[in-house]
Amino acid sequence: MNGAHDMGGMHGMGPIDTDPDDPLFHAEWERRAFAVTLALGFHGRWNIDTSRHARENRPPPEYLGSSYYELWFKAAEKLALDTGLITAEELATGVPRTVSDTPPPDPERVAAILRKGSSARLPDTVPPRFKAGERVLVRDITTPRHTRVPRYCRGRVGTIDRDHGVYIFPDTHAHGEGTKPQHCYSVRFTGRTLWGDAARENDAVLVDLWDDYLEPAP
Amino acid sequence: MAGHHHDHDHDHGQGEDGHAHAAPPSPLAQRVKALEALLVAKKLVDPASLDALIDTYEHKVGPRNGARVVARAWTDPAYKARLLEDATAAIAEFGFTGRQGEDMVVVENTPRVHNLVVCTLCSCYPWPVLGLPPVWYKSAPYRSRAVLDPRGVLAEFGTEVADDVEVRVWDSTAELRYLVLPERPPGTEAMGEEELADLVTRDSMIGVTRARTPVRGEPA
C-alpha cells in the first residue's frame, strides 16, 4: 500500500536524534505494549506480515502522528479483536466473557520461542527467475494491499546482487492467501538511478525484493 | 513523529517511570493497561512472561552480542570468512539465534566501501545481536533520509566518508537482517577479543559510525 510508512526518499522529516544514550523505552506503557504485542503473537492467530499490515494500514495523518509503540499497540488490539481473541464488549467493560483453556507460554517457554525464532525461509524447491549480475526492472506496483516494494524503487532498473533463497511472499501471506514461495534477492540500485543528480556517483542502495516484484530489464 | 518521543512533550504529568518528558497522552497508557488486564483475566497472556520479555530485551540481549561477533571476526580470519559466507550459522556459534535474527547477512566495511543499514518501511533490525532498535532507527528522519542522503545522515552522526569511498545502503525490506562488520580501528594490533569488543558500538554495527579508536595506542 502507498502508506505513510513507506518513507524512503521523503523530505522534511527533520534532523535525527542521534543521542546514543536514548533509552529503548520512554514510559512503562511502551514496555507493556511491546510485551503484550509479542505475547499475543504467540497464539499464532496472525503472522508477521498480517501484523505489519495492521500497523501500516492507518490513515497517513494518524500514522505520522502516532509514536512507534502506539502503532504497535493499536495493531495488536485490532488483531486481537479481528481474530476473536477478545470481543469488543470485553474490551469495553474489561470483564472477560470466556477464559482461554490453553495456557499461554510461561517465561521459560517464551525464552525458548525467542531463541528459536520463526524463519520466513522455505525449502529451496522453487527455481530463481534471476541470477546475480542480471539487470531487472522493478514492477510499478500500486496496491492498497500489503507489499514490501518501497515506492522509491518502483519502475527503476537495478542489478541482482545476491540471491537469498526462497522466502514466504508477504503480499499474499499478509492476507491469508498462502506463502507463495519464491526467491528473494538483494537488488542493487545506483544512487543516480533512484535520485538523479541528488545522489553521489559512487553510492548505491540495495533493496531486498521478491521474484514477483521483478521483471527482466528491457 | 512515529517513534520519536520528543513529539510527546505535551505530557499530562502521569509519567509512570518518572520520565515526565516522555509521558504519553494519558488515555493511551490507560488503554494499554486495560488490554493487558483483560488478556491476563482471559488467561491469554502470562504476566510473568510479559515481564520476562521486557527483561530479555532491556537487559539480556543487546549490542554486546554483536560486539563479540565483530571482535571474533577481527581476530580470527577463518571465523570472518564463515561470517561473511553464512552469517546465520556463524553467529549461531555464539548461541545468538532466534526472533528477528533467523536469517542474517553480514556486510563488511573496507577502505573502499562503507555500509549502512536501514528499514525504510518499518524497523527491521537484528534483535539477537543488537537487541531492540534505538528510537532514531525507527524514526521518520532516519528512515526517509538514509537511502536518499546517506552521507548527510552519516554527517549527522559525526561520520565523514571520503568522496572516493562507496556508500552502500542496505534497505532491509524482507526477512534478512543485516549487521555491519566495522573496520578494525588502527592501533589495536595487540588487543585481544574482549578488549576489542569494547570498541564495537551499536551504532558502528548499524553503520552510522565507525568502531571506537582506543584512546591510548593511537598509531604514530
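Scroll up a little and you will see the structure.
Quick caveat, the model's predicted, so the values are computed rather than measured. (Residues numbered from 1 in each chain as written. Chains lettered and ligands numbered in written order. Predicted model: local features only at pLDDT ≥ 70, side-chain atom pairs only at ≥ 80, totals over all residues. Heavy atoms only, no water.)

Visitor: What exactly am I supposed to notice about the overall build of chain B here?
Guide: Within chain B, the secondary structure is distributed over eleven helices and four strands. Every one of the 220 residues in chain B was classed for burial, and the buried ones make up 60%. Taking as baseline every contact in chain B between residues at least 6 positions apart, the subset at least 24 positions apart corresponds to 65%. Entry remark: accessible area of chain B is about 8,300 Å², with carbon and sulfur atoms responsible for 52%. (Helix = DSSP H or I, 4+ residues; strand = E, 2+ residues; numbered from the N terminus. Buried < 20%, exposed > 50% of the residue type's maximum accessible area, 1.4 Å probe, protein only. Contact = heavy atoms within 4.5 Å. Areas by Shrake-Rupley, 256 points an atom, 1.4 Å probe, with all protein chains shown as cover.)

Visitor: How do you make sense of the layout of surface pockets when you look at a structure like this?
Guide: Regions of empty space are outlined by a rolling probe, equal in size to a water molecule, passed over the atoms. One number sums up the size of the largest pocket: a volume of about 970 Å³. When residues of the lining of the largest pocket are assigned to their parent elements, the largest contribution, six residues, is made by helix α2 (residues 48-56) of chain A. Here the residues of the lining of the largest pocket are counted per class, giving 20 nonpolar, eleven polar and eleven charged. A:Pro20, B:Gly62, B:Pro63, B:Arg64 and B:Arg202 are, among the 25 residues lining the second largest pocket, the residues nearest its centre. Those elements giving two or more residues to the lining of the second largest pocket turn out to be α2 (47-60), α3 (63-75) and α11 (202-206) of chain B. Among the residues forming the lining of the second largest pocket, the class breakdown is eleven nonpolar, five polar and nine charged. (1 Å grid on protein atoms, 1.4 Å probe; cavity = no way out; pocket = protein on both sides within 12 Å on 5 of 7 lines; lining within 4 Å. Points joined across faces, edges and corners; volume = space filled by probe spheres on them. Nonpolar A, V, L, I, M, F, W, Y, C, P; charged D, E, K, R; others polar.)

Visitor: Looking at this structure, how should I read the packing of helix α6 (residues 107-116) of chain A against α2(B)?
Guide: Axis separation between α6(A) and α2(B) bottoms out at 8 Å; the angle between their running directions is 45°. The orientation of α6(A) relative to α2(B) falls into the category oblique. Crossing of α6(A) against α2(B): the hand is right-handed. Across the interface between the two elements, A:Pro107, A:Val110 and A:Leu114 of α6(A) pack against B:Ala48, B:Ser49, B:Ala52, B:Leu53, B:Thr56 and B:Tyr57 of α2(B). Considering only residue class, the contact of α6(A) with α2(B) consists of seven nonpolar, two polar and no charged. (Axes fitted to C-alpha atoms, helices over the stretch in contact; angles between N-to-C directions. Parallel < 35°, antiparallel > 145°, perpendicular 65-115°, else oblique. Left-handed = near helix turned anticlockwise from the far one by under 90°.)

Visitor: What am I meant to see in the packing of aromatic side chains here?
Guide: Here the distance between the centres and the angle between the planes together describe a pair of aromatic rings. Per the stated rule, a full pass over the model turns up 23 aromatic pairs over all chains. With 5.9 Å between their ring centres and 90° between their planes, A:Phe34 and B:Tyr57 make a pair best called edge-to-face. With A:Phe34 in helix α1 (residues 28-41) and B:Tyr57 in helix α2, the pair connects residues from two separate chains. When sorted by exposure, A:Phe34 lands in the same class as B:Tyr57, which is buried. Relative to B:Tyr142, the ring of B:Trp136 lies with its centre 4.9 Å away and its plane at 75°, an arrangement referred to as edge-to-face. By way of ring pairs, the aromatic residues A:Phe25, A:Phe34, A:Tyr68, A:Tyr69, A:Trp72, B:Tyr57 and B:Trp127 are connected into one cluster. The ring of A:Trp72 is capped by A:Arg55, whose NZ or CZ atom sits 4.2 Å from the centre of that ring. The ring of B:Tyr79 has B:Arg72 sitting right over it, with the charged end atom 5.9 Å from the ring centre. (Phe/Tyr/Trp six-rings, centres within 6.5 Å; stacked < 30°, edge-to-face > 60°. Lys NZ or Arg CZ within 6 Å of the ring centre and 35° of its normal.)

No statement about biological role is implied by the geometric values presented.
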